[in-house]
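Listed below are the residues making up each chain.
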Amino acid sequence: KGEVRKSNPNAGIINLEINKKRGELNKIYAEAQFNNIDPTCDYIKGLYNNPKKTSSNKEQFWDEFNHWIGINKDIVTKGTMEGYKSLQLHLQRFEEEKTYKLSFEKLAHDFKEKYEKYLSFEFELRDGSKGLKRSSIEKDFKKLITFIKDRIKRGCIEKDVVDHTIFLSSIYGDKSFNELS
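For every chain, the first residue of the written sequence is number 1, and numbering continues from 1 onward in sequence order. Two thresholds apply to this predicted model, a pLDDT of at least 70 for residue-level local features and 80 or more for giving and counting side-chain atom pairs, whereas whole-chain, interface and lining totals are computed over all residues. To obtain the side-chain values, all non-hydrogen atoms of the structure were included, while hydrogens and water were left out.

Q: Pulling in residues and values, what's your account of the pattern of salt bridges?
A: What makes a salt bridge here is a side-chain nitrogen of Lys or Arg within 4 Å of a carboxyl oxygen of Asp or Glu, nothing more. In this structure the tally under the stated criterion is 10 salt bridges. Note that E116 and R134 form a salt bridge whose closest N and O atoms lie 2.6 Å from each other. You can see E116 sitting in helix α6 (residues 111-122) and its partner R134 sitting in helix α7 (residues 134-153), a full 18 residues away along the chain. Under the scheme applied here, a residue whose accessible area is under 20% of the maximum for its type counts as buried, over 50% as exposed, and between as partly exposed, the area being computed with a 1.4 Å probe on protein chains only. Among the residues examined, E116 registers a relative accessible area of 15% and is labelled buried. For R134, a relative accessible area of 43% gives the class partly exposed. A run of DSSP states H or I qualifies as a helix once it reaches four residues; a run of E qualifies as a strand once it reaches two. Both are numbered from the N-terminal end.

In structure tokens, the structure reads:
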């Protein structure tokens, strides 16, 4: 399985580090495939040992979001993809109109309340009226959670970056992150 046995007193720390490194390698591999690059061992070693210049938190959020949309394009139904694109539009308009710079870190703080208020009362619809229905807002949050969970699962972001417990509990009450999986 590629992990240290639990009988080792440092197994937890070592396995955490192994999983972190595995996630970094998986991200390099997935990006190479997404960009139609043959992910050879030398290619992966080169990027792993000499990582690209890190982008800002905002750029990382949108890079990950656009990558997530790209990899799901041929996997999910047309309706699901339209929902993802709708979420993208809502997030972009929120960011522009409220001058709120999205990042994974900000999702754990005041994002939920501000985004929910924006969608409920300020988001302008095609007919000129304002505010989405409660069910539409809940769908946006469910899609956003799907995105966050996918990025954590694939090792693209660390669980620590998005304090998912706070973020998810503010949406779902006392349910834990694992219960929602």
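Next comes the rest of the write-up.
Q: Kindly report on the packing of aromatic side chains, identifying the contributing residues and their values.
A: Only Phe, Tyr and Trp rings are paired, with Trp represented by its six-membered ring, and only when their centres lie within 6.5 Å; those with planes under 30 degrees apart are stacked, over 60 edge-to-face, the remainder tilted. Here the structure, examined in full by the defined rule, presents 16 aromatic pairs. On the basis of an interplanar angle of 70° and a centroid distance of 5.6 Å, the ring pair of W62 and F65 is categorised as edge-to-face. In this pair, W62 and F65 are both assigned in helix α3 (residues 57-72), 3 residues apart and thus about one turn of the helix distant. F65 matches W62 in its accessibility class, with the two residues each being buried. Following the ring pairs from residue to residue traces out a cluster consisting of F94, Y100, F111, Y115, Y118, F123 and F141.

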